Amino acid sequence: QSVLTQPPSASGTPGQRVTISCSGSSSNIGSNSVNWYQQLPGTAPKLLIYSNNQRPSGVPDRFSGSKSGTSASLAISGLQSEDEADYYCAAWDDSLFWVFGGGTKLTVL
Amino acid sequence: VQLVQSGGGLVQPGGSLRLSCAASGFTFSRYSMNWVRQAPGKGLEWVSYISSSSSTIYYADSVKGRITISRDNAKNSVYLQLDSLRAEDTAVFFCAREYYESSGYTRFDYWGQGTLVTVSS
């Protein structure tokens, strides 16, 4: 049971816009920033979005993040086949540990 | 920036293992480090944190008392000692660099390739 709640799966067709939600509490998302990670099969996670809505260099602007209260969202526009991966949200919890969402498996139909 | 991990393998229940993560391409002594694990087919689970000077250490409740994190800034390496291992500790373990912004926001910006720990008799 993950501290942050994500839908286990999401899907879309090429070119569509998909959003993935992440719900937490006042001790994590409510008081700290949210990061998103993309994990392709058999590889290490890769930082996708940090500080709620910032993209690291090299991440396409098709990826965007937002946060409101104790929830956050990752949006992917112009969906491409290479976006098929697992996506995780994460935040620091004021109880002195990092928490992750359970992950969302994105399928491009 | 590179984080190269070593030390995984097969170990019997109750056994021990030491994981290593060697850093290069940045000033290792300026960064906090973390370990994150992923059980087969499962999500990411944070395991442990160590500050740049080793003065602050945190552990997840699920591993507290059985895992010890340490670092050697002279060798640009961070370690994870795993003791009293259980079948449920079977996972891929990743080391990750933690980057702090002046705003106070923080993130795992670089990850090791992962190393598999299998606990089985």
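Structural data are supplied above this passage.
Just so it is clear, the model here is predicted, and its values are computed rather than measured.

K.L.:
I'd like a rundown of the interface of chain B and chain A, residues and numbers included.
P.N.:
Taken together, the contact between chain B and chain A spans 19 residues of the former and 18 residues of the latter. In this assembly, chain B packs against chain A so that about 1600 Å² is buried in total across both faces, 67% of it on carbon and sulfur atoms. Looking only at chain B, the three residues that lose the most surface to chain A are Leu44(B), Trp46(B) and Arg107(B), adding up to 33% of its buried area. Along the contact surface separating chain B from chain A lie zero salt bridges. Where chain B packs against chain A, one counts six residue pairs in polar contact (both at pLDDT 80 or more). Looking at the side of chain B that touches chain A, the elements that each hand over two or more residues are strand E4 (32-38), strand E5 (44-50), strand E9 (91-100) and strand E10 (106-111) of chain B.

K.L.:
With reference to specific residues and values, describe the pattern of salt bridges.
P.N.:
Evaluation of the coordinates by the stated rule reveals seven salt bridges over all chains. Taking the shortest distance from any N to any O, the salt bridge between Arg62(A) and Asp83(A) comes out at 2.7 Å. Here Arg62(A) is found in the loop between strand E4 (46-49) and strand E5 (63-68), whereas its partner Asp83(A) is found in the loop between strand E6 (71-76) and strand E7 (85-93), with 21 residues between them in sequence. Overall, the relative accessible area of 14% leaves Arg62(A) in the buried class. Notably, a salt bridge pairs Asp109(B) with Arg97(B), separated by 2.6 Å at the nearest N-O pair. Taken together, the positions of Asp109(B) in strand E10 and Arg97(B) in strand E9 put the pair twelve residues apart, joining distant regions of the chain. A residue is classified by how much of its surface remains accessible, and Arg97(B), at 5% relative accessible area, is buried. Through salt bridges with shared partners, one network takes in Arg37(B), Glu45(B), Arg66(B) and Asp89(B).

What counts and what doesn't
Residues numbered from 1 in each chain as written. Chains lettered and ligands numbered in written order. Predicted model: local features only at pLDDT ≥ 70, side-chain atom pairs only at ≥ 80, totals over all residues. Heavy atoms only, no water. Contact = heavy atoms within 4.5 Å. Buried area = accessible area lost by both parts, 1.4 Å probe. Salt bridge = Lys/Arg side-chain N within 4 Å of Asp/Glu carboxyl O. Polar contact = N/O pair within 3.5 Å; in protein donor to acceptor, adjacent residues only side chain to side chain. Helix = DSSP H or I, 4+ residues; strand = E, 2+ residues; numbered from the N terminus. Buried < 20%, exposed > 50% of the residue type's maximum accessible area, 1.4 Å probe, protein only.

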